[in-house]
Amino acid sequence: MPVCSARVDIRSGDLYWLACNRRDIGVIRTSDKAPRILHRARSSIQHLFLDWQRDTLYWLARGQPLQALSLVGGAPWDAWNETWSGDLPAAMDSRAFSVLWSSALGLQALSLTKRQAVTLAPSWSHGLVAAFEPYLVSANGTALLLWDRRTLALVLSLPAAGVQGVVAFVGSELQAVPPSKESAVPLLPPVTTTVRTTTSTAAARLTTPTTTPPPSQTTTALSTTPAPTSKATTSQTTTRQSTTRQSTTSAPTTARTTLTKTTTVQPVTSTTRSFTTKITAPQPTTTTPRSNSSARVVTPTPPLQSSTAHPLTPILHLSCSRTHVPCRDGTGCVAQEYLCDGEKDCADGSDEDGCAQLCNTPGAFHCASGAVCVGAGERCDGVPQCPDGSDEMGCWTPTQECALRCDAATRCIPRSWLCDGHADCLDHTDEQGCVLKECGPAEFSCRSGQCVALALHCDGDHDCQDGSDEEGCAVPRPLLCREGEVTCSHSGECVPEVWRCDGAADCRDGSDEQGCPWEEELCEDQQWSCSRSRECIPDVWRCDGETDCTDGSDEAGCHPAPCQSNEYPCGLGSCLNASLVCNSQQDCADGSDEGGNCSVPCQRSCTHLCYPSPQGPRCWCGPGYRLAADGLSCMDIDECTEWGKEACSQTCLNAPGSYSCGCLPGYLLEPDGHTCKLTGPEPKLLVAVQSEVLSYGLRSGHEEVVLATDKDRVVFSLDYDLVERKVFWMDLATESIRWQDLSSGKKGTLVKGVRSDCIAVDWLGRNLYWTDGVAGQILATRLGAAWQGIPEYTVVMDGDLDQPHSLVLQPLAGLMYWSEVGSHSRLMEASMDGSWRHVLLAQGLGWPTALALDFPTQRIFWLDEKLGSVGSARLDGSSVKVLKLRWVRSPFAAAVCEGQLYWSERKTWSVQQVDKASGKNRTVLLKRHGQPHGIQVMHPALRPAAPNPCEARGCSHLCLLSARHTGQCRCPPGLMLAANETTCLPIRDSAFALLVSPAAVAQVYLKDLPASAGSQGLPPHRALPLAKVSRLTAVDYAVKDKSLYFAEVGGNSIGLLRLKDWGRLSWKKAVAVEGTVTSLALDWLSGNLYWIGGQPPTIHVAAPRGRWVLALLSEGLQGAAWLALCPRASTMCFVTAAGSRGHGAVVECAAMDGTGRRAGLEESPGSHWPCLWGYWHQAVLGRPRERNHQQC
């Protein structure tokens, strides 16, 4: 596929590209070098940007909003809700995280952080090709122009014709000492701009007569290095030299003209620029060394006038670095931040001239220090123009997203984080001055300030965390406990028997947790036995630095953690900072840091630092580095890879000597720089308990009943939809899936006649899925369906599902995951339209009854009832982690939010939580007199919005998402998909048969068949005469691809004809074969093609597009014919001429990989079979092959 634009992820080396059709965005990864398409846009893409720091692609398409897509793929989302109007020049500034463009309205910028667009220059007419704060780059056809974004002053003009594109990227400077991880203010890295040009003319002019070189292709590079920031006037000595290389032949020459300036400052620092320009006149301060006849004398472009904010009139012969401005007398340069600061830094005082000019204009803002003023429009615009940044101070006003600024105004706290019991500011100001929230009239105020629904007061369950809702109730203590309850030994109250020995004390005297059987049991595999407390803990908790056994034995006898590269190992196992070694003071407890060879001087060629040690001089590395094997150089530690989620809870960006954490939309980074926390409304846990659904605030503890059904009904599995604000649940009593509006309380029925262990809402494709463990199916229906007595659902997956139980969806990727708890437990993955099914995990599982997806970390969690464990794995099945926890007994449903894993326990009638990464800090959130079932965490960020591929699909009934980010139309029972693949019709109106003759194929719709037998000739049909085909021997048809596979006598190949090519009557070779093919069949799930052919007869299989042909079976296939496949059961069947007894014919079956061959049905002598029943992949009835087809 032709590629017209490309971008490189500089961290991974992956190449992202835009095809010349301006719609397909693809990637070539360095790992496999195989191109693949990530996304197909709905309209023509005009600009494609890559932000490697945020792992995101952005693009602009006419009539569409700014779109964004993760570098790993998935579903795109709107980064800005306004549409792109036309073909305008645009660029992305990854440093400022903004998009800039030039239009009739001037130069405009969109801040992706603030999601706000501003006009930078109303009269801008220079176009735009690149941006990197604080610079802009434009091209005028003959030159490349570098602008100061803050003042819109021209900084540099570089002759360059025919510029096609510009790439701005960050370079690296050599550091004498590696940067510290704690460095708060990073140095501004140099910016390198690479320009691609087509043709240009020589822009230099000789001081002696010569012939001007003809036009040639040139490549121009601009490289700048920051000048020193010390406040000192810079004196410069400039040396200019230009050479032109010319071929000795008469062929056209290639001219390259360069100018090099070397600036000398005190202390010595150099700034280098290379560019081409035109000569004006030699200056007295210029030394021009002579060379050969090709030498040229070149002078720099004269410095431009400063903006009105910094009025200076520099002379022409002095050129300063990009961060400095020349003094008027040409004797030196001063840094821009020292202009108008009240101190004369130039010898002639020109850096303080005219500073009051702007201050006299109406609305001007006077900076806090010095005499600098900025325009009224620059005040509080998000970009500091004052040297002290005072123009951006005091601009903040409280909002929902930033209700409090703390930590020296460097951190914003959302309103939902205030007084939530967790300090989000380093100075804890978000938790200061808090007052107890007043509960509403329909709520009970707990003694602790927690609010619970008034209906929960005195209901026998402790809903307040302090139990105050059950105090003072006019309910006498029963003389005898009821059936299913036990009496507390000393306090005398009754508690459910299932609460005994559940790890949480429910009796006031704690007697329900005494004498428990787990105190005597032996530890299992993957567990470690505490020495004296008889506890069992996961073996990974052993020697992890935290005491988990009550006797502390899990941390006894552990080896100390190894010292880092900047630390010295003391003899007793402790680590000492290398700077304290050999300082004549014993800092190690055993004194091992002094003496020995401490007096030997450091003379090693260390990359970072060399310190003396008792063992002699050693090289040491700064934080974030480790010493290499040579003992001299230092290697960067990739914390993101080595530490994993211990480094960052969501996204991680490695840097030399450091790393930084980031958060997904809807989250903010906590002060620890590691943890991401949800913004917006408080996340709430929905819990189904018997006939009610409770809402539990995960921060406030606020508890209320949001749904109640009849007491004799059980709310089983549940899910929610924030778009229509509905809760859906499975009602086992009525065998129906019902819903209730959270706003109005209105209830309804979605579908009847179903039984399911788990339901799941597809909030993007607007469908609801459920599992049927008895039938072994996964089904789906529209969220907007209303039960009218006719089923409107479709079977998504059927066949060999082995008791599917728990189900979770990932609509943004078009994928679903489910657990099977039959004879062979496993975790499965498939596209949400039922295609692309494969096993995710099949080892180490007992009964995985509860699944949960963690979208930020891309992991799937499960709780295993049989093994009593919590497990997790990446979504590709790798990085499996399993923790055996004694309080996992009978889990039903699970959910993940932030750093916690929640699940419902049916045996202990409770809802519990643990840290999702470690399994520690177990807490019982809810415990009621009733069995909990389904749970979900409700928050907008957990259901992110994205474009729905089904909206443009136009399906008449159901549309299911797929992993290809498209929608697939599906039909309810009794209907079939028509040829347009969007409309569902009755089976008789859409089914067709293919009638095969030796040289032609006819398509006959069943609705056109005559009502009675005896008709002469074919009914109305569509003929398909195959060009250059002599005699057909076998055919199969794939409705999904509208493809006909066929074989002919002596053809030596299997041909492929697509329905769309019928008008051309031409076909292509699908796979080469040997001999005549007697039967063929297509596996519609995998696309593999099976056939019987050759001598002796052999069953072959070929991968899609004819790759990797393999012979499966060849023995005992005399007279083999009639090959049929059942892909959903992974079975193939075929007919052989003779059985083991030497007579008759036998139907034999085997797995589709050729194993497990077995005899099926044997024909008796004298009988005959008029036809063979089997499964066809895409039946000639024109629908996915779920129905039997008779082939005679």
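Residues numbered from 1 in each chain as written. Predicted model: local features only at pLDDT ≥ 70, side-chain atom pairs only at ≥ 80, totals over all residues. Heavy atoms only, no water.

To continue, consider the overall build of the protein chain. In terms of helices and strands, the protein chain carries three helices and 88 strands. Residues classed as buried in the protein chain amount to 47% of the 1192 residues present. For the protein chain, contacts bridging at least 24 residues in sequence account for 38% of all contacts bridging at least 6. On the protein chain, roughly 57200 Å² of surface is accessible, and the fraction owed to carbon and sulfur atoms is 53%. (Helix = DSSP H or I, 4+ residues; strand = E, 2+ residues; numbered from the N terminus. Buried < 20%, exposed > 50% of the residue type's maximum accessible area, 1.4 Å probe, protein only. Contact = heavy atoms within 4.5 Å. Areas by Shrake-Rupley, 256 points an atom, 1.4 Å probe, with all protein chains shown as cover.)

Enumeration over the complete set of coordinates arrives at nine aromatic pairs. Judged by centre distance (6.5 Å) and plane angle (65°), the rings of Tyr 568 and Trp 620 are edge-to-face. With Tyr 568 in strand 34 (residues 567-569) and Trp 620 in strand 37 (residues 618-620), the pair connects residues that are 52 residues apart, well separated along the chain. Aromatic rings pair up to connect Tyr 568, Tyr 611 and Trp 620 into one cluster. Over the aromatic face of Phe 365 sits the side chain of Arg 379, whose NZ or CZ is 4.7 Å from the ring centroid. The ring of Trp 739 has Lys 726 sitting right over it, with the charged end atom 3.9 Å from the ring centre. (Phe/Tyr/Trp six-rings, centres within 6.5 Å; stacked < 30°, edge-to-face > 60°. Lys NZ or Arg CZ within 6 Å of the ring centre and 35° of its normal.)

Turning our attention to unusual backbone geometry. With an omega of -5°, the peptide bond running from Gln 1095 to Pro 1096 counts as cis. Relative to the assigned elements, Pro 1096 resides in the loop between strand 80 (1089-1093) and strand 81 (1098-1103). Of note, His 428 is a non-glycine position whose phi angle comes to about 60°, a positive value. Residue placement: His 428 occurs in the loop between strand 27 (411-413) and strand 28 (443-445). Of note, Ser 1130 is a non-glycine position whose phi angle comes to about 55°, a positive value. Within the element layout of this structure, Ser 1130 appears in the loop between strand 83 (1121-1126) and strand 84 (1131-1136).

Overall, the coordinates contain 24 disulfides when judged by the stated rule. Here Cys 488 is linked by a disulfide to Cys 507, with a sulfur-sulfur distance of 1.9 Å. Between Cys 488 and Cys 507 the disulfide shows an S-S torsion of about -80°. By sign, it is left-handed. Separated by 19 residues along the polypeptide, Cys 488 in the loop between strand 30 (485-487) and strand 31 (494-496) and Cys 507 in the loop between strand 31 and strand 32 (527-529) bring together distant segments of the chain. In this structure Cys 488 comes out as buried when scored by relative accessible area, which is 2%. The class of Cys 507 is buried, set by a relative accessible area of 6%. The disulfide partner of Cys 648 is Cys 661, and the S-S distance across this bridge is 1.9 Å. Its S-S torsion of approximately -80° makes the covalent link between Cys 648 and Cys 661 left-handed. Taken together, the positions of Cys 648 in the loop between helix 2 (639-642) and strand 40 (651-655) and Cys 661 in strand 41 (residues 658-662) put the pair 13 residues apart, joining distant regions of the chain. (Disulfide = S-S within 2.5 Å.)

Another aspect to go through is the confidence of the model for the protein chain. Of the residues in the protein chain, 79% reach a pLDDT of 70 or more, and the chain-wide mean stands at 77. Between residues 172-316, whose pLDDT stays under 50, and residues either more than four places distant or in other chains, the model counts 279 contacts. In this model residues 1164-1192 is a low-confidence stretch, pLDDT under 50, and it forms 77 contacts with partners more than four residues away in sequence or in other chains. (pLDDT = per-residue confidence, 0-100.)

Bringing the layout of surface pockets into the picture now. Approximately 1600 Å³ is the volume found for the second largest pocket. Taken together, 49 residues line the second largest pocket, and the ones lying closest to its centre are Gly 460, Asp 461, His 462, Glu 470 and His 929. Element by element, the count of residues in the lining of the second largest pocket is highest for strand 66 (residues 923-927), at five residues. When grouped by side-chain class, the residues that make up the lining of the second largest pocket number 20 nonpolar, 10 polar and 19 charged. (1 Å grid on protein atoms, 1.4 Å probe; cavity = no way out; pocket = protein on both sides within 12 Å on 5 of 7 lines; lining within 4 Å. Points joined across faces, edges and corners; volume = space filled by probe spheres on them. Nonpolar A, V, L, I, M, F, W, Y, C, P; charged D, E, K, R; others polar.)

Once that is clear, we can look at the pairing of strand 83. Regular strands show a simple pattern: their side chains alternate between the two faces of the sheet. Two strands pair when backbone bridges link them, and strand 83 and strand 84 are joined in this way by four bridges, in the antiparallel orientation. Across the sheet, residue Ala 1121 finds its bridge partner in strand 84, namely Val 1135. (Pairing = 2+ DSSP bridges.)

Once that is clear, we can look at the sheet that holds strand 4 (residues 35-40). Strand-to-strand pairing in sheets goes through backbone hydrogen bonds, with the strands running parallel or antiparallel. Taken in spatial order, the four strands line up as 1-2-3-4 in an open sheet, and their pairing is antiparallel. Pairing within the sheet leaves two strands with one partner each, and these edge strands are strand 1 (3-8) and strand 4. If you compare each strand with its neighbour and ignore which way they point, the axes differ by 30° on average. Relative to strand 4, strand 3 (residues 24-28) runs antiparallel, the two being bridged by five bridges. (Axes fitted to C-alpha atoms, helices over the stretch in contact; angles between N-to-C directions.)

Turning our eyes to something else, we now look at the environment of Val 839. Relative to the helices and strands, Val 839 resides in strand 58 (residues 838-841). Residue class for Val 839 comes out partly exposed when judged on its relative accessible area of 37%. Spatially, the C-alpha atoms of Val 839 and Glu 829 are 6.3 Å apart, while their sequence positions differ by 10 residues.

Mapped onto the elements of the fold, Thr 550 is located in the loop between strand 33 (536-538) and strand 34. Taking the C-alpha atoms as reference points, Thr 550 and Arg 534, separated by 16 residues in sequence, lie 9.5 Å from one another. In terms of polar contacts, Thr 550 uses its side chain to reach the side chain of Glu 535, at 2.8 Å. (Polar contact = N/O pair within 3.5 Å; in protein donor to acceptor, adjacent residues only side chain to side chain.)

Scanning the model with the defined rule gives 27 salt bridges in all. Where Lys 920 meets Asp 544, a salt bridge forms, and the shortest distance between an N and an O atom there is 2.4 Å. In this pair, Lys 920 is assigned in the loop between strand 65 (910-915) and strand 66 and Asp 544 in the loop between strand 33 and strand 34, connecting sequence segments 376 residues apart. With a relative accessible area of 33%, Asp 544 lands in the partly exposed category. Note that Arg 699 and Glu 898 form a salt bridge whose closest N and O atoms lie 2.9 Å from each other. A residue pair is termed long-range when its members are at least 10 positions apart, and Arg 699 in the loop between strand 45 (692-697) and strand 46 (703-708) and Glu 898 in the loop between strand 63 (891-897) and strand 64 (900-905) qualify at 199 residues. Through salt bridges with shared partners, a single ionic network connects Asp 544, Glu 546, Asp 548 and Lys 920. (Salt bridge = Lys/Arg side-chain N within 4 Å of Asp/Glu carboxyl O.)

Along the chain, the position of Thr 331 falls in the loop between strand 22 (324-326) and strand 23 (333-335). Take Thr 331: its relative accessible area is 43%, and that puts it in the partly exposed class.

Spatially, the four strands line up as an open sheet ordered 13-14-15-16, and their pairing is antiparallel. Looking at strand neighbours, the two that pair on one side only are strand 13 (130-132) and strand 16 (154-159), the edges of this open sheet. With strand direction ignored, the average angle separating the axes of adjacent strands in the sheet is 15°. Bridge analysis of strand 14 (residues 135-139) against strand 15 (residues 143-148) gives five bridges, and the strand direction is antiparallel. Along strand 15, the bridge assignment pairs Val 137 with Leu 146.

Take Gln 810: it is sitting in strand 55 (residues 804-810). Beyond its immediate chain neighbours, meaning those up to four positions away, Gln 810 contacts Leu 815, Tyr 817, Met 832, Leu 853, Phe 855, Gln 858 and Leu 875.

With that out of the way, let us pick up the nonpolar core. In summary, soluble globular proteins display a tendency toward joint burial of nonpolar side chains. Formed by 72 residues in total, the largest nonpolar core has its most connected members in Tyr 769 and Met 816. Among the elements that make up this core, the one with the highest residue count is strand 44 (residues 684-689) (five residues). Judged by nonpolar contacts, the second largest core, of 18 residues, contains Ile 537, Trp 541, Leu 863 and Trp 903. (Core = buried A, V, L, I, M, F, W, Y, C linked by side-chain atoms within 4.5 Å.)

Burial within strand 56 (residues 815-820) is extensive, with six of its six residues counted as buried. Judged by which residues are buried, strand 56 turns out to be covered on both faces: Leu 815, Tyr 817 and Ser 819 on one side and Met 816, Trp 818 and Glu 820 on the other are all buried. In sequence, strand 55 turns back onto strand 56 through a hairpin of four residues, with Gly 814 there showing a positive phi of about 70°. One ladder, built from six bridges, connects strand 56 with strand 57 (residues 826-831); its direction is antiparallel. Note that in strand 57 the partner of Tyr 817 across the bridge is Glu 829. The loop that links strand 56 with its antiparallel partner strand 57 comprises five residues.

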